[in-house]
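Results of the structural survey
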Amino acid sequence: MSTYTVKHQPLLSSGGALRYNGFSEIRSLGASLRGGHANMTPRLTPDAQQAYKEVLETFPAILHPDKTARIDWLVGLQMAQKGVAEGDREMVITAARFISRPSSKARYDKMMGIGETRETVKTGYQTLEGYYRRPREVKRWPPVVAKTTKPASEMKILAFCASDRKEGNSDMLVSEAARGATDAGAALLDKIYLPDLNIKHCQNFYMQRDIVGVWEIDPDMAFNYCDYSCGFKGLKEKGTCTLDDDMPEVYEKIKAADAIIFGFPIINGWEGEVVTGFQERWQRYTGCVITDRAGEGRRAMVIGTWGTGDIQAYDNIVEVVINRLNTFKYNVVEAISACGFAGLLSGLDGDGKGIIKRYPEEMKKAYLAGRNLVTGEFGS
Ligand SMILES: Cc1cc2nc3c(=O)[nH]c(=O)nc-3n(C[C@H](O)[C@H](O)[C@H](O)COP(=O)(O)O)c2cc1C
């Protein structure tokens, strides 16, 4: 990767020249679109410079060179599109939105003077009336609609719920999706509450097969490896796991299921250790243990729920969970985001159950998605 020097406006680099590695292709593409050369940053109005400063301050300093290159490029694109010589405040904020997590939306809305005010958010925490007025929404991502390999009546599904709250919002949406699938003829094998499982964490030693090359260099080299994991031919073909937990039993169900539904709440801005711990254990288990691999040809659906009223806020985390299932070779054909489960009763109704049940039109999206999971039809 090339290394070169980029001169920044004083505002961005305290007057100094910043040494910067990488993103040369982005920078030169942006520059060529602006008709400039690779070392040029876009000219900004004073307002835009102020916005740029505010945006940059929200990122850790170590990321500033990376973020600066991206913002410059995106502002340059907008300037080229509009045929203007100076980037304005809106262009900077638009660029910042592109390079930030979707949960930063509220901050950028505020900078633009739009979106939910602090007062509206607060009333949902102060009075029951304000709480019930809060918006709640379910979004069905554009699904993959493709013919299934079996008729729905021959499909078995397995549901997972990662929330501690039984009959909470994640649980209800998972149940609704499962109902869509079973109404279409599929059989529900089980609904597994991940917090109830005893899942241990793998010490993540190397597998025996991964270190064969090390022994070829030095047969006496000490190297931590799992003596029980499966090895290459000629080595011990053990393929067992010594961790004594619920994974082997759960994995038998995973293998038996043609499709899975995986629901989880957002905890502190991410999917939480219940999900991560389970998915990591799943991955290691299939890597180490000689077993028929589940996944290939199977279908999946992911449901993420959260408190903020922004329906896109944690789509990036839903994507993380989708990508993990993808590495297990699942075809994730449906994804659901659901938001607004915060406030005075923390997303519950007066009876302690998920408030989403008050919104049949929103629940229907999960139902149709569950139906598509086993039919391959969009539904209506
Ligand atoms: C400890 C904790 C942390 C949370 N963190 C966030 C968060 O970072 N962002 C958010 O929007 N909601 C957050 N929430 C709200 C939950 O995501 C939301 O209530 C979720 O829908 C709960 O799902 P459930 O009803 O299935 O339990 C948090 C809730 C708890 C209990």
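Rules used throughout
Residues numbered from 1 in each chain as written. Predicted model: local features only at pLDDT ≥ 70, side-chain atom pairs only at ≥ 80, totals over all residues. Heavy atoms only, no water. Near = heavy atom within 4 Å. Polar contact = N/O pair within 3.5 Å; in protein donor to acceptor, adjacent residues only side chain to side chain. Areas by Shrake-Rupley, 256 points an atom, 1.4 Å probe, with all protein chains shown as cover. 1 Å grid on protein atoms, 1.4 Å probe; cavity = no way out; pocket = protein on both sides within 12 Å on 5 of 7 lines; lining within 4 Å. Sits in = over half its atoms within 2 Å of the grid points. Buried < 20%, exposed > 50% of the residue type's maximum accessible area, 1.4 Å probe, protein only. Helix = DSSP H or I, 4+ residues; strand = E, 2+ residues; numbered from the N terminus. Arc of directions from axis to C-beta. Contact = heavy atoms within 4.5 Å. Pairing = 2+ DSSP bridges. Axes fitted to C-alpha atoms, helices over the stretch in contact; angles between N-to-C directions.

Near the ligand lie 16 residues; those nearest to it are Ser163, Ser170, Ile266, Gly269 and Phe341. In the model, an oxygen atom of the ligand is placed 2.9 Å from a nitrogen or oxygen of the asparagine 169 main chain. For the ligand, a nitrogen atom lies 3.1 Å from a polar atom in the side chain of tyrosine 314. A total of 650 Å² of accessible area belongs to the ligand in isolation, and the protein chains cover 72% of it. Judged by the proximity of its atoms to the pocket grid, the ligand belongs to the largest pocket.

Okay, helix H11 (residues 247-256) next. The set of residues buried in H11 consists of Met247, Val250, Tyr251, Ile254 and Lys255. Projected down its long axis, H11 shows its buried positions confined to an angular sector of 145°, all on one face. Among the structural elements, strand S4 (156-161), strand S5 (187-193) and helix H12 (272-288) are those in contact with the buried residues of H11.

Turning to the sheet that holds strand S8 (residues 259-265), a few remarks are in order. Strands sit in the order S3-S10-S9-S8-S4-S5 across an open sheet of six strands; the sheet is mixed. The strands lining the two open edges of the sheet, one partner per strand, are strand S3 (137-140) and S5. Adjacent strand axes in the sheet meet at a mean angle of 15°, parallel and antiparallel pairs treated alike. For S3 and strand S10 (residues 331-339), the ladder comprises four bridges, and the chain directions are antiparallel. The residue bridging valine 138 from the neighbouring strand is alanine 338, located in S10.

With that out of the way, let us pick up unusual backbone geometry. We note that glutamate 167 has phi near 65°; this positive angle belongs to a residue other than glycine. Mapping glutamate 167 onto the fold places it in the loop between S4 and helix H9 (169-183). In this model, serine 346 sits at a positive phi of 50°, which is unusual for a non-glycine residue. Examined against the element boundaries, serine 346 turns out to sit in the loop between S10 and helix H14 (360-375). Taking the relative accessible area as the measure of exposure, serine 346 reaches 37% and is therefore partly exposed.

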